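# Coordinates in review
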Amino acid sequence: MTSVSQFQVDFTRFLDPQGEALAPLPDFAQDPAVLLPLYRAMHLTRIFDSKAIALQRTGKLGTFASALGQEAVGVGVASAMAGEDVLVPSYRDHGAQFLRGVKMEEVLLYWGGDESGSNYAGPRSDFPVCVPIATQVCHAAGAAYAFKLREEARVAVCFLGDGATSKGDFYEGLNFAAAWQAPMVVIINNNQWAISVPRERQTAARTLAQKAIAAGIEGVQVDGNDIVAVRHAAQQALDKARDGGGPAVIEAISYRLGDHTTADDATRYRDAEAVEKQWAFEPILRLRNYLLRLEAWDAKREEQLVKECTEAVNAAVEAYLATPPPPVTAMFDQLFATLPPAMQAQLDTALRFENKQGGGHG
Amino acid sequence: MAELNLVEAVNHALAYEMEHDPAVLVLGEDVGVNGGVFRATVGLQARFGPARVLDTPLAETAIAGTAIGMAAMGLKPVAEIQFSGFIYPTIDHIVNHASRLRNRTRGRLSCPMVLRTPSGGGIHAPEHHSENPEALFTNVPGLRVVVPSSPQRAYGLLLAAIRDPDPVVFLEPTRLYRLFKQEVADDGEALPLDVCFTLRAGNDITLVSWGATLQEVQAAADLLAAEGVMAEVLDVATLKPLDMETILESVTRTGRCVIVHEAAQTGGFGAEIAAGLAEHGLYSLLAPVRRVAAYDVVVPLARLESQYLPSVERIVDAVRKTMEAS
């Protein structure tokens, strides 16, 4: 018997939870000018999440999926992307989207029930959030193929969760992108929970990264609470994909400190004590510890940053709440490039009854 | 002008559009070197290269899903699903993404893709090769569903489908692929989508159909003409959005209508047309509207296939009953 294939999955962590370097750091990690914007972006995401949940609890926002505890994954990856790259997000990736130029009020509009929230003023080519699990991997593979065909130096960067790696779309998308050697980078935000199902019941595979190997793609693991490791791995994958090296998969190990969404109650299925213990590993604390070691941070600046982020979030909330609901015609006017005559009668009916319907529809 | 059968007309339309629009590409299983199992894409890879005529891995979900990603990024993919029975894995992508990308981004992104598949029975194919999934797609907002009935219509409608800025499901009747030839001018002239075509004028009854069953409808119209019943024959061509106006105009004149389709009856597209007649044409009707459709049974294997597909006899019978009722 001969061995015809073997594999290994490498795990990278640069900073331990106390912010101490465990290995020689990449150059960018020694430059506070690079790190401070990342620190701010993580804070902004967390403050945004907190505010969004408060809005939902007071009836001012629909169901919302917080990124609590996973801020380093979105921020770290998006910070390594080039402007012309394309983000193909899931529904928990607003941390990445904000760095891409998506406005906070746009994200609020989307979860608040208005499609115009996905008409991003900033990154015009980025995909809207994808709710059907893992389907976006196939879209990212197709987008990446378009870049390759047109010889554009762009990469499609796709986010998904640990549960999504159980879907066929995940593997099919990886397999297509690899067969085409298309520039796609897939980020698995392994936050340990797919609503109530823990990572260990999702798959018997030892790692999620190794699922890439079946498609002929290198899969690596990083500590998703260590933004240095996340950004470093993303940068390497992006550079390789951009240079024609084909797709990559990064499994970022994080932890979902909050509920799945505002419609979920995680106390039904997981132990509060176990969650509490995870707070020691969370990514904002870790980068703060490191910045303190670098003497690039202090309590005063922390206070100032929180204040500034809170003000930015509050301004976005005000803009969101001040946005009037769309007219009934909005259901029709972007269905097709031109509304087919066959639909005119339905549009006329909708206009006739606009804002005249009684109760029962929220 | 060349004499082409329907599958050759599909091939010519693809070649014309690939020649004139670098954004157009073809993807699917065996579409490249092999030219497609029905030869719809034969010669395209040699002419346009493997980067634009892509032999994909064997996975229909990702064929649809990657086509969406390509379309969103400015390409115009024409994806082939090898047989209609294998189209079901694409539905998640077609329903949840292709048909709504424009709407959910308020027009920022769109999905100008075509999903082509051979459709329907009549060629004694194996199991899962004879399905007619049209009604699944006609219920999906944001999609166009187009069914050609001849080589000329396949050429012109496929060009229109590729050029359309929104997703189109293009169902090619398998049994028409090589049934007959027609003069087809390979001039890049598209036919209009969203309109019915009048194939035959008549004032006694309107026969409404699309795709392969127009063969039986026309044969029935010939027999009826010999009996002195002059049938008007409409080819719906684009099921969704439906040109109900043309159907209503015809039925207003004839006062009678029989709808013929190959897909199963219940929830079939014939019901939508019958409902449109009930809502908007009831007072013109001299007799109840009838449907001749496939039975609500599983598509049988080859030995019973001819009894499953709507036949000339069933159509003539329905017309006679309609005439007698008025």
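Residues numbered from 1 in each chain as written. Chains lettered and ligands numbered in written order. Predicted model: local features only at pLDDT ≥ 70, side-chain atom pairs only at ≥ 80, totals over all residues. Heavy atoms only, no water.

## Focus: the domain arrangement of chain B
Residue and element names in this part refer to chain B.
- Partitioning chain B into structural domains gives domain 1 (2-184) and domain 2 (197-324).
- A straight line from the C-alpha centre of domain 1 to that of domain 2 covers 26 Å.
- The partner domain 2 presents 26 residues to the 29 residues of domain 1 that form the contact.
- If you list the elements that add at least two residues to the side of domain 1 that touches domain 2, you get helix H6 (134-138), strand S6 (144-146) and helix H7 (151-163). (Domains from an automatic or database assignment. Contact = heavy atoms within 4.5 Å. Helix = DSSP H or I, 4+ residues; strand = E, 2+ residues; numbered from the N terminus.)

## Here's the deal with unusual backbone geometry
- Backbone torsion omega between Lys240(B) and Pro241(B) reads 0 degrees, so that peptide bond is classified as cis.
- Looking at where Pro241(B) falls in the secondary structure, it is placed in the loop between strand S12 (238-240) and helix H9 (244-254).
- In this model, Gln192(A) sits at a positive phi of 80 degrees, which is unusual for a non-glycine residue.
- Looking at where Gln192(A) falls in the secondary structure, it is placed in the loop between strand S4 (184-190) and strand S5 (193-194).

## Considerations on the packing of aromatic side chains
All names here are of chain B.
- For the structure shown, the criterion picks out 12 aromatic pairs over all chains.
- Seen in terms of ring centroids, Phe38 and Tyr177 are 5.0 Å apart; in terms of plane orientation they differ by 50 degrees. Their pairing is tilted. One end of the pair, Phe38, is in the loop between strand S2 (24-28) and helix H2 (44-48); the other, Tyr177, is in the loop between strand S7 (168-173) and strand S8 (182-184), and 139 residues separate them in sequence. In this pair, the class of Phe38 matches that of Tyr177, namely buried.
- Between Phe83 and Phe86, the aromatic rings sit 5.8 Å apart at their centres with planes inclined by 90 degrees, giving edge-to-face as the arrangement.
- Judged by relative accessible area, Phe83 falls into the buried class, the value being 14%.
- Note on Phe86: relative accessible area 26%, which makes it partly exposed. (Phe/Tyr/Trp six-rings, centres within 6.5 Å; stacked < 30°, edge-to-face > 60°. Buried < 20%, exposed > 50% of the residue type's maximum accessible area, 1.4 Å probe, protein only.)

## A short note on the domain arrangement of chain A
- The domains assigned to chain A are domain 1 (11-326) and domain 2 (327-362).
- Its C-alpha centre places domain 1 of chain A at a distance of 36 Å from the equivalent point of domain 2 of chain A.

## Things to note about the sheet that holds strand S8 (residues 248-253) of chain A
All names here are of chain A.
- A sheet is described by the order of its strands in space; here six strands give the open sequence S1-S7-S8-S4-S3-S2, paired in parallel fashion. Where the open sheet ends on each side, the last strands, each with one partner, are strand S1 (11-12) and strand S2 (86-88).
- Relative to S4, strand S3 (residues 156-161) is paired through six bridges, and the arrangement is parallel. Residue pairing for S4: Cys158 is matched across the bridge by Val186.
- Sheet contacts for helix H5 (residues 135-149): S2, S3 and S4; angle to S3, the most-contacted strand, approximately 170 degrees.
- Contacts from helix H8 (residues 227-242) reach S1, S3, S4, strand S7 (219-223) and S8 within the one sheet, and its direction differs from that of S7 by about 155 degrees. (Pairing = 2+ DSSP bridges. Axes fitted to C-alpha atoms, helices over the stretch in contact; angles between N-to-C directions.)

## A look at the pattern of salt bridges
All names here are of chain A.
- For the coordinates displayed, the defined rule picks out 31 salt bridges over all chains.
- Arg242 is paired through a salt bridge with Asp85; the nearest N and O atoms lie 2.6 Å apart. Residue Arg242 is located in helix H8, and its partner Asp85 is located in the loop between helix H2 (71-80) and S2; the two are separated by 157 residues in the primary sequence.
- Arg242 sits in the partly exposed class, given a relative accessible area of 24%.
- With relative accessibility at 1%, the residue Asp85 sits in the buried group.
- Notably, a salt bridge pairs Arg100 with Asp126, separated by 2.9 Å at the nearest N-O pair. With Arg100 in helix H3 (residues 94-100) and Asp126 in the loop between helix H4 (104-111) and H5, this pair connects stretches of sequence that are 26 residues apart. (Salt bridge = Lys/Arg side-chain N within 4 Å of Asp/Glu carboxyl O.)

## A short note on the sheet that holds strand S11 (residues 231-235) of chain B
Residues and elements named next belong to chain B.
- Across the sheet, five strands lie side by side as S9-S11-S10-S13-S14; this open sheet has mixed pairing. Two strands in the sheet have a free side with no partner beyond their single neighbour: strand S9 (197-200) and strand S14 (290-294). Recorded for the sheet is a direction-independent mean angle of 25 degrees between the axes of neighbouring strands.
- The pairing of S9 with S11 spans three bridges and is classified as antiparallel. If you follow Phe197 over to S11, its bridge partner there is Asp235.

## A closer look at the side chain of Thr213(B)
- Note that Thr213(B) resides in the loop between strand S10 (205-209) and helix H8 (214-226).
- When residues no more than four places from it in sequence are discounted, the contact partners of Thr213(B) are Arg175(B), Val260(B), His261(B), Glu262(B) and Pro310(B).

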